[in-house]
Amino acid sequence: FTAIDFDPNAFANIIKSSGAKYVVLTTKHHEGYTLWPNKQSWSWNAVDVGPARDLVGEIRDAILKVGGVHWGTYFSLFEWFNPIYLADKASRGATTNYVDQVSYPQLIDLISNYKPDVIWSDGDWEMSYNYWRSPEFLAWLYNESPVKDTVVTNDRWGNGSTCLHGGYLTCQDHYLPNQLPTRKWEDSDTIDKRGSYGYRRTITADDVLSPLEVITRLVQVISKGGNYLLNIGPDANGKIIPLFEERLRQIGSFVNAHAEAIFSSKPWIFQNDNTNSPVWYTSQLRNTTGFDPYRIYNPQQQQNTIVYAFVLSWPDDNKVNLTKVIPTSSTVVNLFGSNNQLIPLKYTQQSGGIQVDISGLSVTKFPSTDAFVLKIEYAADQNVNPVG
Ligand SMILES: *[C@@H]1O[C@H](CO)[C@@H](O)[C@H](O)[C@H]1NC(C)=O
Ligand SMILES: *[C@@H]1O[C@H](CO)[C@@H](O)[C@H](O)[C@H]1NC(C)=O
Ligand SMILES: *[C@@H]1O[C@H](CO)[C@@H](O)[C@H](O)[C@H]1NC(C)=O
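Residues numbered from 1 in each chain as written. Chains lettered and ligands numbered in written order. Predicted model: local features only at pLDDT ≥ 70, side-chain atom pairs only at ≥ 80, totals over all residues. Heavy atoms only, no water.

Caption draft 1: Representation of the overall build of the protein chain. When its secondary structure is counted, the protein chain shows 8 helices and 13 strands. Relative to the compact-globule value of 21 Å for 388 residues, the protein chain shows a C-alpha radius of gyration of 23 Å, a close match. Counting all 388 residues of the protein chain, 51% fall into the buried class. Residue pairs in contact within the protein chain that sit at least 24 positions apart in sequence constitute 69% of those at least 6 positions apart. A total of about 17700 Å² of accessible surface is found on the protein chain, and carbon and sulfur atoms cover 51% of it. When the 32 basic and 39 acidic side-chain charges of the protein chain are each reduced to a single mean position, those positions are 4 Å apart. (Helix = DSSP H or I, 4+ residues; strand = E, 2+ residues; numbered from the N terminus. Rg over C-alpha atoms; globule rule 2.2 N^0.38 Å. Buried < 20%, exposed > 50% of the residue type's maximum accessible area, 1.4 Å probe, protein only. Contact = heavy atoms within 4.5 Å. Areas by Shrake-Rupley, 256 points an atom, 1.4 Å probe, with all protein chains shown as cover. Lys, Arg positive; Asp, Glu negative; His and termini not counted. Charge placed at Lys NZ, Arg CZ, Asp CG, Glu CD.)

In structure tokens:
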């Protein structure tokens, strides 16, 4: 591992172009090698051995410079091969030498020096949250640390914590709940279909999620109020390989063209149209006066609610069925075209909902030929509570 081709500004540029609003760097994975210099990992970090550079610091600086992307740090609490940890584990936590001498001071060092907006804790599950001193760490983090007023954390703080406690819930990798959750959550996923989060030298183009596969996952996640965290593994030379770079830029062109439907939205009263339909919904209110800013979903109010329908495949008959949208005489449907242009569409009332006619539209009008988004205004009131 030399990272001879590593260019932090190229990283930041690619991440920014993907449309991501935050990035989480793996500062230490389960093998224990750290990408920043620290006393606890003396001779086993990116300055002492390998690249001879502080990769965490360089990536952080480049991310802050490019702007508009929050900076986050992943940190593995346990280390697979650390003999001090293995001894603590064998004692079932009767000894606490590893957490006291390594992981706890390392985490304090990481937060104090690199001031992340997001802390993504992992590798916690073999020991209790008391062994990891997580209550003490989180008290320090939110009361005294340099990021106490801004930091966000996940839920992996020790056995019994995951999917229950934390700033937001990650539960297990590839988490995608069936129902609309009542808590903020995140889907941690990887671009490698074979499931690797690390770079695989033997990866092929077929192993990489297509733009439509990524957009499909993203849309399912946001329609249920989640955040989407998509992993890419850079190679040993410190490069994001061209295939990953291209994929991130392709995703970005869709995301940026639909920022209103993605970043300004919340879940709607329905998450998708019906189980066989490729249509997923988000929504926005024109006037949020009197609404809890942390509400899980937006209600359907004729004068107030804007509905976004993500359509993930082109219908053979050029007709999109939106059975959950009840029309009124003032209902308007538009399609997001290129350059943030809205293209008005005709629809007819059908089986309780509407059928939108997209015939006559040239595919070249769209930022993406794979998926498209409809904006629906002034649909009828409906009183539905999706969280029950
Ligand atoms: C984790 O917690 C569960 C429930 O409290 C307990 O049964 C289990 O033994 C714990 N596992 C570890 C590794 O501490
Ligand atoms: C927004 O809603 C509030 C409360 O219903 C109302 O008082 C206010 O006039 C509305 N604002 C606009 C710009 O319509
Ligand atoms: C839309 O609804 C019509 C009428 O019910 C049906 O014939 C058509 O197959 C539906 N289209 C899709 C894509 O489900």
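Read on, since the account is not over.
Caption draft 2: A look at the packing of helix H1 (residues 8–17) against helix H2 (residues 55–66). At a minimum axis distance of 8 Å, the contact between H1 and H2 shows a crossing angle of 50 degrees. The pairing of H1 with H2 is recorded here as oblique in orientation. In this structure, H1 crosses over H2, and the sense of that crossing is right-handed. Contact residues: H1 offers Pro8, Asn9, Phe11, Ala12, Ile15 and Lys16, while H2 offers Glu58, Ile59, Ala62, Ile63, Lys65 and Val66. Per-class residue counts for the contact of H1 with H2 are 8 nonpolar, 1 polar and 3 charged. (Axes fitted to C-alpha atoms, helices over the stretch in contact; angles between N-to-C directions. Parallel < 35°, antiparallel > 145°, perpendicular 65-115°, else oblique. Left-handed = near helix turned anticlockwise from the far one by under 90°. Nonpolar A, V, L, I, M, F, W, Y, C, P; charged D, E, K, R; others polar.)

Caption draft 3: The arrangement of the UniProt feature "domain: Glycoside hydrolase family 29 N-terminal" (unreviewed entry) in the protein chain in detail. This chain's UniProt record puts "domain: Glycoside hydrolase family 29 N-terminal" (unreviewed entry) on residues 1–260. For residues 1–260, helix accounts for 34% and strand for 13%, while the C-alpha atoms at its two ends are 41 Å apart. (UniProt positions renumbered as here; feature names shortened; annotations may be inferred.)

Caption draft 4: Local environment of the side chain of Thr170. Tracing the backbone through its elements, the reader meets Thr170 in the loop between strand E4 (152–153) and strand E5 (185–190). Of the residues examined, Thr170 reaches a relative accessible area of 1% and is grouped as buried.

Caption draft 5: Summary view of the packing of aromatic side chains. One pass over the structure, following the stated rule, counts 20 aromatic pairs. Between the aromatic rings of Tyr131 and Trp132, the centroid separation amounts to 4.9 Å while the plane-to-plane angle is 75 degrees, which identifies the pairing as edge-to-face. This pair shows no difference in class: Tyr131 is buried, exactly as Trp132 is. Members of the aromatic cluster, connected to one another through ring pairs, are Phe78, Tyr85, Tyr98, Trp125, Tyr131 and Trp132. The ring of Phe263 carries the charged tip of Lys21 above its face, separated from the ring centre by 4.6 Å. The ring centre of Phe270 lies 5.0 Å from the NZ or CZ of Lys324, which sits over that ring. (Phe/Tyr/Trp six-rings, centres within 6.5 Å; stacked < 30°, edge-to-face > 60°. Lys NZ or Arg CZ within 6 Å of the ring centre and 35° of its normal.)

Caption draft 6: Structural detail: the state of the cysteines. Scanning the entire structure with this criterion turns up 1 disulfide. The residue that forms a disulfide with Cys163 is Cys171, at a sulfur-sulfur distance of 1.9 Å. Judged by the sign of its S-S torsion, about 80 degrees, the cystine formed by Cys163 and Cys171 is right-handed. Residue classification places Cys171 among the buried residues on the basis of a relative accessible area of 5%. (Disulfide = S-S within 2.5 Å.)

Caption draft 7: Spotlight on the pattern of salt bridges. Under the defined criterion, the tally for this structure stands at 18 salt bridges. Here Arg133 ties to Glu136 by a salt bridge, and the two come within 3.0 Å at their closest N and O atoms. Taking the relative accessible area as the measure of exposure, Arg133 reaches 22% and is therefore partly exposed. Judged by relative accessible area, Glu136 falls into the partly exposed class, the value being 40%. A salt bridge links Arg194 to Asp207, with the nearest nitrogen and oxygen atoms 3.4 Å apart. With Arg194 in the loop between E5 and helix H6 (211–223) and Asp207 in the loop between E5 and H6, this pair connects stretches of sequence that are 13 residues apart. (Salt bridge = Lys/Arg side-chain N within 4 Å of Asp/Glu carboxyl O.)

Caption draft 8: Structural detail: the sheet that holds strand E2 (residues 70–76). Read from one edge of the open sheet, 4 strands run E1-E2-E3-E4, paired in parallel fashion. Among the strands making up the open sheet, the edge pair consists of strand E1 (22–28) and E4. Sheet topology note: the E1/E2 ladder contains 6 bridges and is parallel. What sits directly across from Tyr22, in E2, is His70. Set on the sheet, H2 makes contact with E1 and E2; between it and E2 the angle comes to about 155 degrees. (Pairing = 2+ DSSP bridges.)

Caption draft 9: Quick look at the site of ligand 3. Taken together, the neighbourhood of ligand 3 is formed by Asn321, Gln350 and Gln355. Side-chain polar atom of Asn321 to an oxygen atom of ligand 3: 2.4 Å apart, as the coordinates give it. Between ligand 3 and Gln350 there is a distance of 3.3 Å, counted from an oxygen atom to a side-chain nitrogen or oxygen. Its free accessible area being 360 Å², ligand 3 has 36% of it covered by the protein chains. (Near = heavy atom within 4 Å. Polar contact = N/O pair within 3.5 Å; in protein donor to acceptor, adjacent residues only side chain to side chain.)

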